[in-house]
Each structure stands twice: as structure tokens, then as C-alpha cells.
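Okay, here's what each chain looks like letter by letter:
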Amino acid sequence: MILDNSIKLEAVLAGAVAANQPEFHVDYAQWSVQGVKTRPEPTRGALNSASDVTLLAVAPTQAERREISAVVIYNKDTAAVTVTVKTDDGTTERIHIKVTLATTEALCYEQGEGWYVLTASGAKKLGAGVSGPTSSTDNAVA
């Protein structure tokens, strides 16, 4: 996921939390005008109920880019929350993912893998009943 000087990454909850705001952590690197990549850097914070929260701001100059390698949004609330992650260019918002997280679940993004949810035990959560093929040809070469 690449952000330039006009696009920021945001998250918002569908409503107020019961007790605790979910926390986020973003790892990214900056690409200079000369095409040099900086050391990875983190940013972190907490969501704010139904208000948009910037997870990663726009790149500082027109020619620079920010490359996101990982995002984690952890639901530390006592109830489920619905999180929407989106990009915003100041005019148009584009949704990347909208998901309901049970308490102690985490919404994760990894460069090269995409979005997924981790359960409280750290296992990847399978979504919408999709758990892969169940036929006798599982793992068979076609």
C-alpha cells in the first residue's frame, strides 16, 4: 500500500465503544525523491469511536511516498466493534475493508498478504463461512 502527498490512511468505528478504544500500530518506510528508502518507522495510537482517525498521514512532499508494510488494529474493548479502514485524498474516501472484530481480535494488514483477522488465540479467522474446499480432491494436483 503506497501513500503519496495527497492520500492518508484512516480508520473509523461504526459507533461508540463500550469501554476502551481499539489501538492501532502502523509500520511504514518513506521513499525519497531520489528513490531511497528509509529505515522502517512505526506510528501508533487509538481510534476515537465514530470519528475518523488518521492511521498514517500523507507524505510530507509531492515527490515522496510512504510504503505501508503492516497495520494492526486491536480491539481492546469489552464488546465487538465494526472498523472501516479507508484512504482519503481530501475529496474522496475509498474503503479498503470493513470488518466486525470481537473483543481481543485484531485486524491486520501485511504487505504481500493483504488484510486478515486474528482471533484472540492468534489464529487467522476464516470469514463468511469460507474455509476452503471440502471435496476428496483437497491438495490434489489438477
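That block above? That's the structure.
Throughout this document, residue positions are counted from 1 along each chain, in the order its sequence is written. Residues qualify for local features only when their pLDDT is at least 70, as the model is predicted, and side-chain atom pairs are given and counted only at 80 or more; totals for whole chains, interfaces and linings, by contrast, use all residues. The basis for every side-chain value is the complete set of non-hydrogen atoms in the structure, without hydrogens or water.

### Some words on the pattern of salt bridges
- A carboxyl oxygen of Asp or Glu within 4 Å of a side-chain nitrogen of Lys or Arg is what we treat as a salt bridge. Under the criterion given, the structure shown has seven salt bridges.
- A salt bridge links Glu10 to Lys8, with the nearest nitrogen and oxygen atoms 3.5 Å apart.
- Buried, partly exposed and exposed residues are distinguished by accessible area as a fraction of the type maximum, computed with a 1.4 Å probe on protein chains only: under 20%, between the cut-offs, and over 50%, respectively. Assessed through its relative accessible area of 3%, Glu10 is described here as buried.
- The exposure class of Lys8 is partly exposed, given its relative accessible area of 26%.
- Its salt-bridge partner being Lys86, residue Glu93 comes within 3.1 Å of it at the nearest N-O pair.
- Judged by its relative accessible area of 6%, Lys86 is buried.
- Connected through salt bridges with shared partners, the residues Asp52, Lys86 and Glu93 form a single ionic network.

### Remarks on unusual backbone geometry
- Unusually for a residue other than glycine, Ser49 sits at a positive phi of about 50°.
- Of note, Ser49 is situated in the loop between strand 4 (41-46) and strand 5 (53-56).
- Positive phi outside glycine occurs at Thr104, with the angle close to 65°.
- Take Thr104: its relative accessible area is 31%, and that puts it in the partly exposed class. Each helix is a run of H or I in the DSSP string that is no shorter than four residues. Each strand is a run of E no shorter than two, and both are numbered from the N terminus.

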